[in-house]
Amino acid sequence: EYTYDIGLGIPPGDAAGSQNEQLIDIPPIPEWRMVSTLRWSTGNHSAMIRARWIDGFDKSFNSAGLAYLDALAGNPDHFDPITYVDVNYKYRFESLLFDGQDLTLEIGGKNVFDKFPRPTANLGAIESYVHDIRGAMWYGRIVMDL
């Protein structure tokens, strides 16, 4: 629940579960979000899998024209729930170059299944306040403790 009372003749209400585009001061707020992380490590190895779930929420355009264009494109009147999955693996080399200096190699990805919400007729086709607009991202990292 996210209740608001902006005043200015706007009746109070609950913003949870809505895009809230008609309310300038209230961001889009899904009713539920969940993040679950599973970590594993043994010796110098460690791995992580994280799932980020975002509940669906209703669209609320501030223009009847945009709402009409969105419906004309065959889009539903809501954003669907979506799950992003991130992964990570690290290996730590102990005293690889010098005594007491560890080197860690890390590889991973965010949104590894390249999930992308259904485009909408507004906001550059995506609700960027809530959704991950980058698509799948892969990375590598080298860290040396000095």
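Here, the structure is the one placed above.
These numbers come from a predicted model, not from an experiment. (Residues numbered from 1 in each chain as written. Predicted model: local features only at pLDDT ≥ 70, side-chain atom pairs only at ≥ 80, totals over all residues. Heavy atoms only, no water.)

S.K.: Summarise the overall build of the protein; cite the residues concerned and give the values.
M.R.: Along the backbone of the protein there are one helix and nine strands. Walking the protein from its N terminus toward its C terminus, one meets helices and strands in the order β-β-β-β-β-α-β-β-β-β. Taken over C-alpha atoms, the radius of gyration comes to 21 Å for the protein, far larger than the 15 Å a tight globule of 146 residues would show. Relative to its full complement of 146 residues, the protein shows a buried share of 32%. (Helix = DSSP H or I, 4+ residues; strand = E, 2+ residues; numbered from the N terminus. Rg over C-alpha atoms; globule rule 2.2 N^0.38 Å. Buried < 20%, exposed > 50% of the residue type's maximum accessible area, 1.4 Å probe, protein only.)

S.K.: Give a detailed account of the pairing of strand E7 (residues 82–93), specifying residues and quantitative values.
M.R.: The two faces of the sheet receive side chains in turn, since in a regular strand these alternate between them. Inspection of the sheet shows strand E4 (residues 45–54) paired to E7 by 10 bridges, in the antiparallel sense. Among the inter-strand pairings, Met 48 is bridged to a residue of E7, identified as Asn 88. Where E7 meets strand E8 (residues 103–110), seven bridges bridge the pair, whose relative direction is antiparallel. Bridging from a neighbouring strand, Lys 90 pairs with Glu 106 of E8. (Pairing = 2+ DSSP bridges.)

S.K.: Now, about the sheet that holds strand E3 (residues 33–42): what can you tell me, with residues and values included?
M.R.: Pairing is antiparallel in the open sheet, where five strands are placed in the order E3-E4-E7-E8-E9. Strand pairing shows two members of the sheet lacking a second neighbour, E3 and strand E9 (137–144), which therefore form its edges. In this sheet, adjacent strand axes meet at a mean angle of 10° when their direction is disregarded. With eight bridges joining them, E8 and E9 adopt antiparallel strand pairing. Bridge pairing in E9 links Ile 107 to Gly 140. (Axes fitted to C-alpha atoms, helices over the stretch in contact; angles between N-to-C directions.)

S.K.: Let's hear about the side chain of Asp 70: which residues, and what values?
M.R.: When you line up the elements, Asp 70 lands in helix H1 (residues 64–72). Exposure remark for Asp 70: the relative accessible area of 2% places this residue in the buried category. A distance of 2.7 Å separates a polar atom in the side chain of Asp 70 from a polar atom in the side chain of Asn 75. Among all residues touching Asp 70, those that are not within four sequence positions of it are Lys 59, Phe 61, Asn 75, Pro 76, Thr 120 and Ala 121. (Polar contact = N/O pair within 3.5 Å; in protein donor to acceptor, adjacent residues only side chain to side chain. Contact = heavy atoms within 4.5 Å.)

S.K.: I'd love a proper account of the pattern of salt bridges, names of residues and values included.
M.R.: Under the counting rule described, the total for this entry stands at eight salt bridges. In this structure, Asp 132 and Arg 52 form a salt bridge, with 3.5 Å as the shortest nitrogen-oxygen distance. A residue pair is termed long-range when its members are at least 10 positions apart, and Asp 132 in the loop between E8 and E9 and Arg 52 in strand E4 qualify at 80 residues. The class for Asp 132 is buried, based on a relative accessible area of 6%. Classification of Arg 52 as partly exposed rests on a relative accessible area of 22%. A salt bridge links Glu 106 to Arg 141; the shortest N-O distance between them is 3.2 Å. In this pair, Glu 106 is assigned in strand E8 and Arg 141 in strand E9, connecting sequence segments 35 residues apart. (Salt bridge = Lys/Arg side-chain N within 4 Å of Asp/Glu carboxyl O.)

S.K.: Describe the environment of Gly 108, listing the residues and the values that go with them.
M.R.: Note that Gly 108 resides in strand E8. Using a relative accessible area of 6% as the deciding quantity, one classes Gly 108 as buried. Through-space distance from the C-alpha of Gly 108 to that of Met 137 is 8.5 Å; in sequence the pair is 29 residues apart. Look past the residues within four positions of Gly 108 in its chain and what remains in contact with it is Val 87, Asn 88, Met 137, Trp 138 and Tyr 139.

S.K.: Can you break down the side chain of Thr 104 residue by residue, with the values?
M.R.: By secondary structure assignment, the location of Thr 104 is in strand E8. When residues no more than four places from it in sequence are discounted, the contact partners of Thr 104 are Lys 90, Tyr 91, Arg 92, Arg 141, Ile 142 and Val 143.

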